[in-house]
Amino acid sequence: MPVDQNNKVHTEMWNIAPHVVELKSSIIRDILKISSQPGVISFAGGLPAPELFPLDDMKWAMGKVIDTYGPAALQYSITRGLNELRGLLAQRATERGTPSEADNIQIIAGGQQGLELVARAFIDPGDYVLTELPTYVGAIQAFDYYRARYVTVEMDEEGMIIDQVREKVEKYHPKFIYTVSNFQNPTGITMSLNRRHQLIELAKNYHIPIIDDNPYGDIRFSGDSLPTLKSIGGNEVVALRTFSKILAPGLRIGWMNGPKDIMHHFEKVKQCTDLHTNTLCQYLIYEYVNAGKLEPHIELLKKDYRAKRDVMLKTLKETFPSEVNWTEPDGGLFLWVELPTHMSAKDLLPKAIEKKVAYVYGSPFHPNGGGDNTFRLNYSNATHEGIVEGITRLADLFKANI
Ligand SMILES: Cc1ncc(COP(=O)(O)O)c(C=O)c1O
């Protein structure tokens, strides 16, 4: 019996599937727990700045939704997503260089669900997927569940090194190429235009789809804007997009933009996951975006995050030892730090927490191990003063342990 007469649960008797027992809980969630202790300056999460959430506009939009759609806003709705919202997102993509129609769009409960649908649709146990190194930890989690194996490709300041992609594609025949091409989580690196073209050409030659996970593409605050992989690669690419970073993650609304002939597979997979995405929030976002409120809001975010990035980069430059290197992102929420190879960011984290500052160490972003000397810093969720103070404390820690 999984439960005895005393109501004690015998976990070993529950026959939970072994691959589920083996799944690791997200290290970031664990670190967030520690770093949310009072007084800790946290660069660990990937949280947008809460003071910028457009509460008044959301209140207005919610009223409009209830007045306009009434009970329909609270009813079940179709798996593919509200036609109005899909049409609007297709139009937005078209205006930005990716000709799209509503039939290209699948509404999802955030980008993370897109990863889950991709994993379900593509991965049989033991299949290879090709990712950047390092890569987004949530993607590793989603792919792990389906028992993927990983081939990884190193990056330089222009993104994935294409020769390595070619070599590994030929050797391992991965099911798809997974990239976060804009202001990557965790490194902040953006794939250059040249590399985008090379990657698309390679994917076409080898008939491998590209999954471009793109939560941050709209948050560019310096450098020249680049065409998305989707706009270059067309049907070669499935783009995963989300309102989490450009509006509010709690709404749990994102979208996929992919080839019309493929989308019904994601739709089927989504149907057995959750029937459909939250109807109310889809209407809410539709009204918000349709009223022209999204783009000015993104401008506000860019201004705020740019200033925070600048403070972080300046403080890093002023305080960190010269042996330490870091990226300088042109957008997004993160930058990436490399300590000398003999140092372990994981081992140093408890000491950082003692100093009341937190980061996410880099090893979980490395699906095949490694990256011990690396860590990720988030700048969107801190104040300017917090950034200066927290980075200075980290600098003291690294100087003492170098
Ligand atoms: C690269 C990447 N993909 C997906 C997600 C998941 O985002 P969402 O809140 O849309 O599920 C994140 C969130 O941090 C991310 O950085």
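Just above, that's the structure.
Residues numbered from 1 in each chain as written. Predicted model: local features only at pLDDT ≥ 70, side-chain atom pairs only at ≥ 80, totals over all residues.

Draft legend 1. A look at the overall build of the chain. Scanning the chain from N- to C-terminus turns up 14 helices and 14 strands. Against the 2.2 N^0.38 benchmark of 21 Å for 402 residues, the chain shows a C-alpha radius of gyration of 22 Å, consistent with a compact globule. For the chain, buried positions account for 46% of its 402 residues. For the chain, restricting intrachain contacts to residue pairs at least 6 apart in sequence, the fraction spanning at least 24 positions comes to 75%. (Helix = DSSP H or I, 4+ residues; strand = E, 2+ residues; numbered from the N terminus. Rg over C-alpha atoms; globule rule 2.2 N^0.38 Å. Buried ≥ 20, exposed ≤ 12 C-beta atoms within 10 Å, placed from the backbone. Contact = placed C-beta atoms within 7 Å.)

Draft legend 2. Representation of the site of the ligand in the model. Gly-110, Gly-111, Gln-112, Thr-242 and Ser-244 are the nearest of the 14 residues found near the ligand. When its residues are assigned to classes, the shell around the ligand shows four nonpolar, nine polar and one charged. (Near = placed C-beta within 6 Å. Nonpolar A, V, L, I, M, F, W, Y, C, P; charged D, E, K, R; others polar.)

Draft legend 3. Structural view of the packing of helix H3 (residues 55-69) against helix H11 (residues 279-290). Direction vectors running N to C along H3 and H11 enclose 115°, while the axes themselves pass 9 Å from each other. One finds that H3 runs roughly perpendicular with respect to H11. Note that H3 runs across H11; the crossing there is right-handed. For the pair formed by H3 and H11, the contact residues are Asp-57, Ala-61, Met-62, Lys-64, Val-65 and Tyr-69 on the first element and Leu-280, Tyr-283, Leu-284, Glu-287 and Tyr-288 on the second. Looking at side-chain class alone, the contact of H3 with H11 contains eight nonpolar, no polar and three charged residues. (Axes fitted to C-alpha atoms, helices over the stretch in contact; angles between N-to-C directions. Parallel < 35°, antiparallel > 145°, perpendicular 65-115°, else oblique. Left-handed = near helix turned anticlockwise from the far one by under 90°.)

Draft legend 4. Region of the structure containing the sheet that holds strand E7 (residues 210-213). Read from one edge of the open sheet, eight strands run E2-E9-E8-E7-E6-E3-E4-E5, paired in mixed fashion. Two strands close off the open sheet at either side, each with one partner strand: strand E2 (105-108) and strand E5 (159-160). Note: E7 against strand E8 (residues 237-242), four bridges, orientation parallel. Residue Asp-213 lies in a different strand from E8, and its bridge partner there is Leu-240. Across the sheet, helix H10 (residues 260-274) touches E2 and strand E9 (254-257), and the angle it forms with E2 is around 20°. (Pairing = 2+ DSSP bridges.)

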